[in-house]
Amino acid sequence: MEIAVDPLSTVPIYQQIRDRIVEAIGDGKLRRGDVLGSVRSMAGAFRINPATVVKAYELLRSEGLVATNAKTGTFVAHDRDGEHPDAAFEGDWSQRLTTVLAEGRARGIGHERILEFCGEICNRLDSGRTTQKEGQ
Amino acid sequence: MMWTIPMIVAVGAALVAVPRISRRTVPLGVSVPQARSEDLVVTRAIRTYQWVCIALTLLTVLGSWATRAAEGSGGLWLLGLIVCGMGTFSVSRLPIVRAKRAGSWYEGVPVKIGAVLTEQRTARPVWAAHAFSLAVAMAGIVIPWATLATLPDPYPLERDSSGQVVRWGDKPWGVAMTVPAITLVVAAGFAVIAWAITRRRDPILPDGDWAKARSLRDESSRVVQIALAYFSVIGTVMATSLGVTPLLRESKTAVDIGLWAGSVALLVPMVWLIAVTARAQARGRAEAHVRADPDSPDDDALWKLGFIYYNTEDPSAFVPKRMGVGYEPNAGHALGLLIYLIAPIAILVAVVVFVLG
């Protein structure tokens, strides 16, 4: 499974790595127990400081999506078939979603179009086409 | 003595082939967007570089032939060709650098860099070849040890560039076993490197086509493993032969034939590597018109003079070569820097000891 980052983006690299991994878990490309590349190997592949990868993995760990042990390294701890999130997560997620949708409305995207976007994105996640889109 | 001429021709051909074995978005070691890879400035710079390299190679062959009577001159000519070739490379790329800067070629161009996140599938080492190398190296230790009594005394300690013995000494165990022991370590080293490469995660540079980038990466991985196996076998066989030649009480003709055969055997993988890489890159060029994926990032800042990788952030001691296949040291890493410092010193020592005597 591959991920790609944009080194020129205004989004920090650690955030991009975190986002790509979340997307891969969301569309089912990554399943619970899948082992992720080591910090050094991922840093070498992206030609970046290992601290950047550590930051991405730490973020995912704090969100409960990955875990680390001494034997296997970092692995996926929660996938889309896992237990339902608690109310606190849903509240926070709903708030972030509200901001993103409000941004669309503020730019003039209508209600119907927003629903279309949401449907397309959910379909892509269900069919596992989010992370591999670039590689097809 | 004239075994250096095929070596000179091979090195000259490799220099001329550099643009053909490079990714098309890195002509002469300068990152350019794929849409600019056929730009007039680029093609003109490549043509100039290639013609200068052809002229330098011809000059070196003629010079080597004219001074063939002088001991060690062939090696010096070869060294001169390599240095001049690198100089030509560094100068020929400048027009592309200037045009890229003046025209802001990367402005608005989407770029990405990819990597395998989970378990990756890479070409496996050719274990049979490495086992054969280790067996030959072990035989190189067992044979002199078993026949130590029959070894010549005094023992040949040093040979000139034509393989003839120039210094003799006492026949202690250590002397007789040094070359076979080093050979065994080198054979084991090749096997370890082949295994270590399978554990690496290399960048996937899309160059406008992810699928093609993946295909090139897989092909490069296979080529590297085959080349490692070949170099291991040839190197072990040659070094072991050198270790057991005192037992054979060889003639000058036999040594000459051995050196020629060894040189040709070492040239084969060089030519093969160039041919395979050029063919793979040519396929990428042929499909250029259908590309629509992101470009690779402009990483010129990480490549000093276009071919020396320097990145203190990157934890890798070795990185994939920018031109051709294989790996090269990262000068921003302590181990890589050590190699960059030792390599010229080793070459100078080799020239002084083996060529200038």
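Quick caveat: nothing in here was measured; it's all calculated off a predicted structure.

Asks: Which parts of the structure should I look at to understand the overall build of chain B?
Replies: A tally of helices and strands in chain B yields 9 helices and 7 strands. In chain B, buried positions account for 46% of the 357 residues. In chain B, once contacts between residues fewer than 6 apart in sequence are set aside, the share between residues at least 24 apart is 74%. With the model as given, the accessible surface of chain B reaches about 17,500 Å², and the carbon-plus-sulfur share is 71%.

Asks: Explain the overall build of chain A here, please?
Replies: Within chain A, the regular secondary structure consists of 5 helices and 3 strands. Secondary structure of chain A in N-to-C order comes out as β-α-α-α-β-β-α-α. Taking the principal axes of the C-alpha coordinates as reference, chain A spans close to 50 × 35 × 30 Å. Across the 136 residues of chain A, 32% fall into the buried class. Within chain A, contacts between residues separated by at least 24 positions form 57% of all contacts whose residues are at least 6 apart in sequence. A total of about 8,100 Å² of accessible surface is found on chain A, and carbon and sulfur atoms cover 55% of it. Mean positive and mean negative side-chain charge positions of chain A (18 and 20 charges, respectively) differ by 5 Å.

Asks: When you look at the domain arrangement of chain A in this model, what are you seeing that I'm missing?
Replies: Split into domains, chain A comes out as domain 1 (13–76) and domain 2 (87–135). Distance from the C-alpha centre of domain 1 of chain A to the C-alpha centre of domain 2 of chain A: 23 Å.

Asks: Would you take a moment to explain the environment of Ile342 of chain B for this structure?
Replies: Of note, Ile342 of chain B is situated in helix 9 (residues 334–355). With 29 residues separating them along the chain, Ile342 of chain B and Glu313 of chain B place their C-alpha atoms 22 Å apart.

Asks: Looking at this structure, how should I read the pattern of salt bridges?
Replies: Two side chains of opposite charge can pair, provided their charged atoms sit close to one another. The full count for this structure, using the stated rule, is 20 salt bridges over all chains. In this structure, the salt-bridge partner of Glu2 of chain A is Arg214 of chain B, at a minimum N-O distance of 2.7 Å. Linking Glu2 of chain A in strand 1 (residues 2–5) with Arg214 of chain B in helix 7 (residues 210–248), this pair reaches from one chain into another. The exposure class assigned to Arg214 of chain B is buried, which follows from its relative accessible area of 17%. Asp39 of chain B is paired through a salt bridge with Arg36 of chain B; the nearest N and O atoms lie 3.3 Å apart.

Asks: It is not clear to me how a nonpolar patch on the surface should be interpreted in this structure. Could you clarify?
Replies: Residue and element names in this part refer to chain B. Residues Phe318, Leu335, Leu338, Ile339 and Ile342 make up a contiguous nonpolar surface patch of about 400 Å² in total accessible area. The element best represented in the nonpolar patch is helix 9, accounting for 4 residues. Within the element layout of this structure, Leu335 appears in helix 9.

Asks: Just to check I follow, could you spell out helix 2 (residues 39–46) of chain A for this structure?
Replies: Given 3.6 residues to a turn, an α-helix orients residues that are three or four positions apart in the same direction. Taken across its 8 residues, helix 2 of chain A has 6 buried, putting it largely inside the fold. Within helix 2 of chain A, burial applies to Ser41, Met42, Ala43, Gly44, Ala45 and Phe46 of chain A. For helix 2 of chain A, the elements touching its buried residues are strand 1, helix 1 (13–26) and helix 3 (50–62) of chain A together with strand 1 (113–116) of chain B.

Calculation notes
Residues numbered from 1 in each chain as written. Chains lettered and ligands numbered in written order. Predicted model: local features only at pLDDT ≥ 70, side-chain atom pairs only at ≥ 80, totals over all residues. Heavy atoms only, no water. Helix = DSSP H or I, 4+ residues; strand = E, 2+ residues; numbered from the N terminus. Buried < 20%, exposed > 50% of the residue type's maximum accessible area, 1.4 Å probe, protein only. Contact = heavy atoms within 4.5 Å. Areas by Shrake-Rupley, 256 points an atom, 1.4 Å probe, with all protein chains shown as cover. Lys, Arg positive; Asp, Glu negative; His and termini not counted. Charge placed at Lys NZ, Arg CZ, Asp CG, Glu CD. Domains from an automatic or database assignment. Salt bridge = Lys/Arg side-chain N within 4 Å of Asp/Glu carboxyl O. Patch = residues over 30% accessible without salt bridge, like charges linked within 9 Å, V, L, I, M, F, W, Y side chains within 5 Å.

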